[in-house]
Amino acid sequence: MYIFKAAVVGAGTMGGEIAQVITYSGLPVVMKDIDQKMLDAGMEKIRSIYQRRVDKGKMSASDMQSKLDLVTPTLTYDEFEDVDIVIEAVPEKMEIKKAVFRELEQVCPEQTIFATNTSALSISEMAAATDKPHKVIGMHFFNPAHVMKLVEVIPGLDTGQETIDDVVMFAESLRKLPVVVRECPGFLVNRLLMPYLNEATKALEEGAATATEIDQAIVEWGMPMGPFTLMDMLGIDVCGHVGEYLYSEYGERMSPAKLFFKLMQAGRLGQKAGLMRSPY
């Protein structure tokens, strides 16, 4: 199935960037949220990415406007009657994601693919909440989505081969590098990434070094950025929620650092703290 029109549910950091990636490929995208301020912030995110290209001479102002015109921001599902794929980018809470998929079933065509940008949660469990589990799949982008090439494509137990093939082709049309991985808690990347971020945070808790010193040591070792710089970009709440989920699935070896939750309670979520959190 060729994808002519896409939709993104959730206009937060990842939702806005995924919508921008889709428009950059030339496809129209509907971006939905339930909060006008979040929608405005999502549109501003898209505009700022394109504006940087204009400032660098990589795009004209008229081309930027043409790309922005491909986005339809909305507070309702009125524009979803002809979308070929919907990517949900709401917070990492299973019940919220299930509720979104149930809502989508009421408004989308039967052939619409339901993709989730979850970084760790069960695709099969989400799919079971729908009447078409063969059309549900994981499509996990990485932050920042307009820069990072990798996209994890995660079939659930009942995902159809046609859906897998369609999403791989769609990801490639977005100039991404899709990797099909088996479903398990954390998939491929977060099973590797979260222990690394967790151990860095525990080292900070134990007083082994400051956050700056740990970041500097990791950069000197050869990584492009330190773990705390990365967590600041990802969002402390995302790290906390994913860490909590992996702990529930893998046990003590994945016990999350306590500092994640102290920072979350204090509202210190990283770079996103400057924006109002999506109520999704």
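Structure first, text after, so check above.
Residues numbered from 1 in each chain as written. Predicted model: local features only at pLDDT ≥ 70, side-chain atom pairs only at ≥ 80, totals over all residues. Heavy atoms only, no water.

(A) Structural view of the overall build of the protein chain. The helix and strand inventory of the protein chain stands at eleven helices and eight strands. When the 280 residues of the protein chain are sorted by exposure, 52% land in the buried category. In the protein chain, the proportion of contacts linking residues at least 24 apart, taken out of those at least 6 apart, comes to 68%. On the protein chain, roughly 13,000 Å² of surface is accessible, and the fraction owed to carbon and sulfur atoms is 54%. Computed over 28 positive and 39 negative side-chain charges, the inter-centroid distance for the protein chain is 4 Å. (Helix = DSSP H or I, 4+ residues; strand = E, 2+ residues; numbered from the N terminus. Buried < 20%, exposed > 50% of the residue type's maximum accessible area, 1.4 Å probe, protein only. Contact = heavy atoms within 4.5 Å. Areas by Shrake-Rupley, 256 points an atom, 1.4 Å probe, with all protein chains shown as cover. Lys, Arg positive; Asp, Glu negative; His and termini not counted. Charge placed at Lys NZ, Arg CZ, Asp CG, Glu CD.)

(B) A look at the nonpolar core. Within the largest apolar cluster, 42 residues are counted, with the highest numbers of intra-cluster contacts made by Val9, Phe80, Val86, Leu104, Cys108, Leu197 and Met231. Elements with a contribution of two residues or more to this core: β1 (6-9), α4 (94-107), α5 (123-128), α7 (189-205), α9 (227-234) and α10 (236-250). Sort the elements by how many residues they give to this core and α7 lands first, with six residues. Discounting chain neighbours no more than four positions away, the residues touching leucine 197 are Pro227, Leu230, Met231, Leu234, Cys239 and Phe260. In this structure, Val29, Met31, Ala115 and Met139 belong to the second largest nonpolar core, which totals 37 residues. (Core = buried A, V, L, I, M, F, W, Y, C linked by side-chain atoms within 4.5 Å.)

(C) Representation of the packing of aromatic side chains in the model. All told, the structure shown has four aromatic pairs when counted by the stated rule. A centroid spacing of 6.4 Å and a plane angle of 40° characterise the contact between tyrosine 24 and tyrosine 50, whose relative ring orientation is tilted. Linking tyrosine 24 in helix α1 (residues 13-24) with tyrosine 50 in helix α2 (residues 36-55), this pair joins segments that are 26 residues apart in sequence. Judged by its relative accessible area of 0%, tyrosine 50 falls in the buried class. The interplanar angle of 20° and the centroid separation of 5.5 Å between the aromatic rings of phenylalanine 101 and phenylalanine 114 together place this pair among those described as stacked. Of this pair, phenylalanine 101 sits in helix α4 while phenylalanine 114 sits in strand β5 (residues 113-116), placing them 13 residues apart in sequence. On the basis of relative accessibility, which here comes to 0%, the residue phenylalanine 114 falls in the buried class. (Phe/Tyr/Trp six-rings, centres within 6.5 Å; stacked < 30°, edge-to-face > 60°.)

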